[in-house]
Each structure stands twice: as structure tokens, then as C-alpha cells.
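# A structural walkthrough
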Amino acid sequence: MDCAPWSDPPVTYVPATVTRSAKIVVAGGFGVGKTTLIGSVSEVKPLRMEEPITQASAGVDDLRGTPHKTTTTVAMDFGRIHMAGGSLALYLFGLPGQARFQPLWEDLAEGALGCLVLADTRDLDASHDALGLLDSGGIPYAVAINTFPDAPGYPEAELREALALDPYTPLTTCDARDRTSSLHALITLTEYLTEHRSAAVLETPR
Ligand SMILES: Nc1nc2c(ncn2[C@@H]2O[C@H](COP(=O)(O)OP(=O)(O)O)[C@@H](O)[C@H]2O)c(=O)[nH]1
Ligand SMILES: [Mg+2]
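The text that follows walks through the structure, step by step, so that each part is easy to find. Because the structure is predicted, anything quoted here is derived from the model rather than measured.

### A word on the pairing of strand E5 (residues 114–119)
Taking burial as the measure, the six residues of E5 include six buried ones, the bulk of the element. The two faces of E5 match: Gly-114, Leu-116 and Leu-118 on one face and Cys-115, Val-117 and Ala-119 on the other face are all buried. The sheet contact formed by strand E1 (residues 20–28) and E5 spans five bridges and is parallel. Bridge pairing in E5 links Ala-27 to Val-117. With five bridges joining them, E5 and strand E6 (residues 141–146) adopt parallel strand pairing. Opposite Leu-116, over in E6, you have Ala-142 as the bridge partner.

### As for the packing of helix H1 (residues 34–41) against helix H5 (residues 179–196)
For any two helices packed against each other, the geometry comes down to the angle between their axes and how far apart the axes lie. Put simply, H1 and H5 touch, their axes get as near as 9 Å, and they point 105° apart. The angle between H1 and H5 places the two elements in the roughly perpendicular class. Note on element contacts: H5 touches H1 through Arg-179, Ser-182, Leu-183 and Leu-186, opposite Leu-37, Ser-40 and Val-41. Of the residues assigned to the contact of H1 with H5, the class counts are four nonpolar, two polar and one charged.

### Quick look at the packing of aromatic side chains
A complete count under the given rule lists two aromatic pairs for this structure. Ring-pair connections join several aromatic residues into one group, and the members of that group are Phe-78, Tyr-91 and Phe-93. Lying across the ring of Phe-93, Lys-23 places its NZ or CZ 4.9 Å from the centre. The ring centre of Phe-148 lies 4.4 Å from the NZ or CZ of Arg-122, which sits over that ring.

### Examining the pairing of E6
Of all six residues in E6, six are buried; the element is thus mostly enclosed. Burial along E6 is two-sided: Tyr-141, Val-143 and Ile-145 facing one way and Ala-142, Ala-144 and Asn-146 facing the other are all buried. As judged from the four bridges shared by E6 and strand E7 (residues 171–174), these two strands associate in the parallel manner. Bridge pairing in E7 links Ile-145 to Thr-173. The β-α-β motif built from E6, the intervening helix H4 (residues 156–163) and the parallel element E7 has right-handed crossover chirality.

Parameters at a glance
- Residues numbered from 1 in each chain as written.
- Chains lettered and ligands numbered in written order.
- Predicted model: local features only at pLDDT ≥ 70, side-chain atom pairs only at ≥ 80, totals over all residues.
- Heavy atoms only, no water.
- Buried < 20%, exposed > 50% of the residue type's maximum accessible area, 1.4 Å probe, protein only.
- Helix = DSSP H or I, 4+ residues; strand = E, 2+ residues; numbered from the N terminus.
- Pairing = 2+ DSSP bridges.
- Axes fitted to C-alpha atoms, helices over the stretch in contact; angles between N-to-C directions.
- Parallel < 35°, antiparallel > 145°, perpendicular 65-115°, else oblique.
- Contact = heavy atoms within 4.5 Å.
- Nonpolar A, V, L, I, M, F, W, Y, C, P; charged D, E, K, R; others polar.
- Phe/Tyr/Trp six-rings, centres within 6.5 Å; stacked < 30°, edge-to-face > 60°.
- Lys NZ or Arg CZ within 6 Å of the ring centre and 35° of its normal.
- Right-handed = clockwise from strand over helix to strand, strands pointing away.

Keep in mind these values describe shape, not function.
In C-alpha cells form, the structure reads like this:
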């Protein structure tokens with residue numbers, strides 16, 4: 001298992017400007033780009049727990065959309081960024097996409113202020129496990145369609161219907177490989193959390 005040791009350079013400490021922090025989880029189906037998004041935005045070396053995909057996943061994990069994917073996240077991804085002029089630190093936890101990891105999912109989502117759900121229009125049904133768990137856990141979320149080159153585009157109304165989103169749930173697009181685009185998706189989520197949830201719940205870091 002590839003767990004990057006904490007002491008590996010570059011070590012980047014939380015900037016002195018940070019006055020608030022929040023735990024954010026990134027969810028979505030297998031191969032939708034969760035590990036990629038956390039890696040593209042994190043200002044610390046992301047902690048990854050990837051294992052090679054083995055024959056045991058044949059017929060279980062759907063590789064149709066990402067045929068070159070050779071590893072899968074077996075526990076979580078972790079990264080950190082700061083935003084809002086440097087005052088807010090987000091601790092990002094990527095959740096495993098497969099429903100069989102649900103017990104782990106619930107532990108990792110504990111205490112999360114919100115969730116960015118990644119979706120792929122080639123398989124929108126793969127998002128339903130995550131959306132259902134978030135709804136039942138009462139965790140607010142925004143959805144970002146990760147735009148793969150051969151993925152079909154749909155009007156927003158159709159996407160909202162297919163994903164059964166509430167009218168006020170933010171829906172945006174991103175390219176998980178691109179830092180600016182991924183940051184935009186995270187800003188969409190944090191603006192929603194700030195507008196619709198009390199900003200006071202953002203914790204002050206120790
Ligand atoms: N073309 C394209 N490929 C992507 C994008 N995001 C992720 N990928 C690729 O899709 C594969 C699956 O991504 P990964 O982050 O491992 O998915 P996860 O299972 O959700 O963590 C990887 O090979 C990525 O390089 C994207 O926005 N565009
Ligand atoms: Mg992953």
C-alpha cells in the first residue's frame with residue numbers, strides 16, 4: 001500500500017493567516033476522479049492509499065470509463081488547501097467509491113461539514129450510492145460533473161433529474177486534473193455551505 005510518510009518533503013505547515021478550518025469529503029463512483037482531484041488541489045503531498053486493481057475486482061469494479069486505471073483507493077485520500085484569502089483551511093478526505101466500503105465511508109465522513117460529489121455522465125447511476133449516504137447522513141453537498149473527453153453532455157435540468165438533486169443543490173463541472181478547475185468546484189461547495197449553513201460551524205484550528 002502506497003502511504004506517503006508524513007515526513008516526506010515538501011512539508012507545508014498551515015499558513016498563519018488561517019483562522020478557520022473544515023473537513024470536506026470528496027465522494028463519487030469508482031474511477032470518477034476523486035484521487036485525481038485531491039492530488040491536483042492539495043498544497044501538501046497528498047496521502048494516498050492505492051492498491052493495484054487485481055483479478056478479484058473483475059466484474060465488480062467497472063473500468064469501462066477508465067480503462068487505463070491500474071489502482072484503486074482502498075481506504076482514503078487526504079489533502080489540504082487554504083482559500084478565502086488564506087483564512088480558511090480545507091482538509092480533504094476522499095472516500096472509496098465502491099459500496100462495499102460503506103462502513104469505512106461512514107467513519108471517514110464523520111464530522112464532515114460538506115461533500116463534493118464527483119459524477120461522470122457516462123455512468124450517473126454510479127453516483128447514487130454516495131448521494132444516498134449523504135442524504136441519510138444529513139451531509140450537505142455540491143455535485144461536480146468531471147468532464148471526461150468522451151462523456152456525453154446533457155442539459156442541466158436532465159442532469160438534476162437523473163441525479164435526483166434538490167433545486168438548491170449546486171451543480172457545476174470540473175476537470176479533476178486541473179487545479180484551477182478543481183478549486184472552482186470546491187469554492188462552489190464552500191460558498192454553498194457558507195450561504196446556506198451557519199458560517200459559525202467552521203471550526204477554529206488549534
Ligand atoms: N480525461 C480525464 N481523465 C481523468 C479526469 N479525472 C480523472 N481522470 C483519470 O481517470 C482515472 C480515474 O481517476 P481516479 O482519480 O483514480 O478516480 P477515483 O476512483 O474516483 O479516485 C485516472 O486514470 C485519471 O487520470 C478528467 O477530468 N479527465
Ligand atoms: Mg481513488
